[in-house]
Amino acid sequence: MIKRGSAISHTVIPALLQFKVDEKRKFIFESEMAVAYTDNRVASIAERFCSDVVRRTEVRFKPITGQPGPNEPSIKVQLAGDHEIRALPRPAGVWPVGDGPADERHSITIAIDGVVVRAVEPVGVARALMTLIQFLATAPRVDARKISVQCGRILDAPRYAWRGLSLDLSRTFFTVGEIQRIIDLLTLYKLNVLHLHLTDDQSWRLPMGRSGTGPESTGNFYSDDDLRRLVHYAEDRFVTVVPEVDMPGHASALIKLNPALDTGRNNMEFEIKIGREHRNAWLDPELPATFELIEEILVDVAGIFSGSYIHIGGDEPCGMPRDLYSTYVQRARCFIRSIGKQPLGWQESARAGLGPGDVIQYWSTAIALAESLPPEARPETPEQQVVDLAMRDIEAAAEVSVPMIMSPQSHCYLDVPYAERSTEAAEADRQGRVGLRRYSPKTVAESFNWEPSQAVGPSHAAQVAGVEAAIWAETISDFDDLSFLLLPRLPGIAEKAWSAPAAADWSQYRDRLARHGRLWTQDDLTYFHASTVDWP
Ligand code: TNX
């Protein structure tokens, strides 16, 4: 019997592609069992698996090279393909590092005499072992040293190649250790991209770009070494860090550090029709010093981050004349290519024209778009015209078959306030404080109910290149606030990015989600106890 992503047969998030359950048999995992491998490329993966399992379950496996003893139940890790693995679908979309997608497809066979984990590449083994960790950490216990799991065979593979989280470090600073905890959370849910929003109006967190005569910012920033440590930590866990240098808009902090970049016309305050004052500083492409500095910055950024992409931002160029915006974006893209990287931009960057090799990140909604228009183009009644404008970005991308990473504000922005009550009275204060009040609150179920391939309309499904959540930090003051907004919604994003379309509806998904609260508590992660989920 095949159960597709069924909450009855497993508690794994994202839902498995296929789990053939052997209803009659169970396998007992117990301490002292060997995790046996012959290929050294999986040694550190097997070791990390053993330490994660003991931390979460107190069951102590031992990693060994070579074969386990005869008749000794074990977990065998094999780096090899077979016809069933090779028959699994390849992911759609763009891959964040290297030429082609690494092969994450894998199988897990749980039989009464032992477990076999098989994948063609180490990344597939890492993803498979994460499934086992979730199995073990959420399964009923026989006793302190034994965990009983249903026998069966799992075949799993991601739907999209790009599965990420964008983290706003400009509005709130997080330490390297805290970002590493976020990377751990990404790997728990088989997410593979950490997009770092390192610069914005509020602060410039890069070590480069500080050579100017401006007052040194008193704010925190990362050193080269900090960034290298993050890249290495992520790489080790098959996560790619994608740096964003947000430009030409959102550049106040950089201009403050380098007053020579102020051309008089590019640092302005204006009122937005929907009733908000807005200040925006944009980088002026007609000033020679602009690209002298930006190119230096990009070369240094490219030297630190090992992935293929550098995100150029491009969002909300408020008040910047359209032709200057296009000139700027085209030049930035061209320079990034000249140093061997791929440019990626928020959807507004489509307005600078698009060609083969470009990738855009879709996010807009009507309200957000109204703010991104230059003053002369801002409509009196935004609704229809701004939706039209967003659709034009999408049509422009469609015409040249440009891939689009899906981050619709409506479902991927995790700074949307929670709508339902919490089961914990003590969370009321935090719930009232975090999340942007300009968004209508959403329940966890409302956030979960969407389909990435339909997000920009059914005719553009083929261009959907991946799914990325975004957490913006204007209302976040510390790590607990951050994790409160990430959890429980982030695993739902991972499910949309990894699992087959409609693998599970909300009621099935909710039952699995409830079992994950335990994992977050083990990791000392604060989460929102949504009253719509039956937390144990
Ligand atoms: C839009 S999305 C922004 C951010 C804000 C966010 C708040 C995008 C590319 N820009 O600058 O922080 O909305 O949700």
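In this text the structure is predicted, and so the values were computed from the model without any measurement.

**Q** How would you sum up the overall build of the chain? Please name residues and give values.
**A** What the chain contains, in helices and strands, is 16 helices and 19 strands. Taking 2.2 N^0.38 as the reference for a compact globule, 536 residues should give roughly 24 Å; the C-alpha atoms of the chain span a radius of gyration of 24 Å, in line with that estimate. Its C-alpha atoms give the chain principal-axis dimensions of about 80 × 45 × 45 Å. A total of 536 residues make up the chain; the buried ones form 61% of that total. Positive and negative charge centroids in the chain, built from 57 and 72 side chains respectively, lie 7 Å apart.

**Q** I'd like a description of the packing of helix α1 (residues 43-57) against helix α3 (residues 122-138), backed by residues and values.
**A** Between α1 and α3, whose axes approach to 10 Å, the crossing angle comes to 10 degrees. When the axes of α1 and α3 are compared, the pair comes out roughly parallel. Our pair here, α1 against α3, has a crossing hand that is right-handed. Across the interface between the two elements, Ile45, Phe49, Asp52, Val53, Arg56 and Thr57 from α1 touch Pro122, Val125, Ala126, Leu129, Leu132, Ile133, Leu136 and Ala137 from α3.

**Q** If you had to explain the pairing of strand β12 (residues 240-247) to someone new, which residues and values would you point to?
**A** In terms of residue burial, β12 counts as a mostly covered element, since 8 of its 8 residues are buried. Here β12 shows a buried face lined by Thr240, Val242, Glu244 and Asp246 and a second buried face lined by Val241, Pro243, Val245 and Met247. Two strands pair when backbone bridges link them, and strand β11 (residues 193-197) and β12 are joined in this way by 5 bridges, in the parallel orientation. Bridge pairing in β12 links Leu194 to Val241. Across 2 bridges, the pairing between β12 and strand β15 (residues 309-313) is parallel. Following the sheet pairing, Met247 is matched in β15 by Gly313.

**Q** Lay out the layout of surface pockets in plain terms, naming residues and giving numbers.
**A** When its volume is computed, the largest pocket comes out at roughly 460 Å³. As for the largest pocket, its lining consists of 23 residues, of which Arg48, Asp52, Met130, Thr187 and Arg237 are closest to the centre. Those elements giving two or more residues to the lining of the largest pocket turn out to be α1, α3, α4 (176-188) and α5 (224-236). With 7 residues, the top contributor of residues to the lining of the largest pocket is α1. For the lining of the largest pocket, a count of residues per class yields 11 nonpolar, 2 polar and 10 charged.

**Q** Describe the confidence of the model for the chain, naming the residues involved and giving the relevant values.
**A** On average, residues of the chain carry a pLDDT of 91, and 91% of them reach 70 or more. In the predicted structure, residues 1-8 sits below a pLDDT of 50 and forms 27 contacts with residues beyond four places in sequence or in another chain.

**Q** Tell me about the pairing of strand β10 (residues 162-168), and please be specific about residues and values.
**A** The buried fraction of β10 is high, at 7 of 7 residues. Every second residue of β10 is oriented toward a common face, with Trp162, Gly164, Ser166 and Asp168 on one face and Arg163, Leu165 and Leu167 on the other, all of them buried. Across 6 bridges, the pairing between β10 and strand β19 (residues 464-471) is parallel. Counterpart to Trp162 in the pairing with β19 is Gly466. Note that the unit made of β10, α4 and β11 has a crossover that is right-handed.

**Q** I'd like a rundown of the environment of Arg337, residues and numbers included.
**A** Structurally, the position occupied by Arg337 is in helix α8 (residues 322-338). Non-local contacts of Arg337, meaning those with residues more than four positions away in its chain, are made with Gln342, Pro343, Pro356, Gly357 and Asp358. Looking at Arg337, its side chain comes within polar contact range of the side chain of Asp358, at 2.8 Å.

Basis of the calculations
Residues numbered from 1 in each chain as written. Predicted model: local features only at pLDDT ≥ 70, side-chain atom pairs only at ≥ 80, totals over all residues. Heavy atoms only, no water. Helix = DSSP H or I, 4+ residues; strand = E, 2+ residues; numbered from the N terminus. Rg over C-alpha atoms; globule rule 2.2 N^0.38 Å. Buried < 20%, exposed > 50% of the residue type's maximum accessible area, 1.4 Å probe, protein only. Lys, Arg positive; Asp, Glu negative; His and termini not counted. Charge placed at Lys NZ, Arg CZ, Asp CG, Glu CD. Axes fitted to C-alpha atoms, helices over the stretch in contact; angles between N-to-C directions. Parallel < 35°, antiparallel > 145°, perpendicular 65-115°, else oblique. Left-handed = near helix turned anticlockwise from the far one by under 90°. Contact = heavy atoms within 4.5 Å. Pairing = 2+ DSSP bridges. 1 Å grid on protein atoms, 1.4 Å probe; cavity = no way out; pocket = protein on both sides within 12 Å on 5 of 7 lines; lining within 4 Å. Points joined across faces, edges and corners; volume = space filled by probe spheres on them. Nonpolar A, V, L, I, M, F, W, Y, C, P; charged D, E, K, R; others polar. pLDDT = per-residue confidence, 0-100. Right-handed = clockwise from strand over helix to strand, strands pointing away. Polar contact = N/O pair within 3.5 Å; in protein donor to acceptor, adjacent residues only side chain to side chain.

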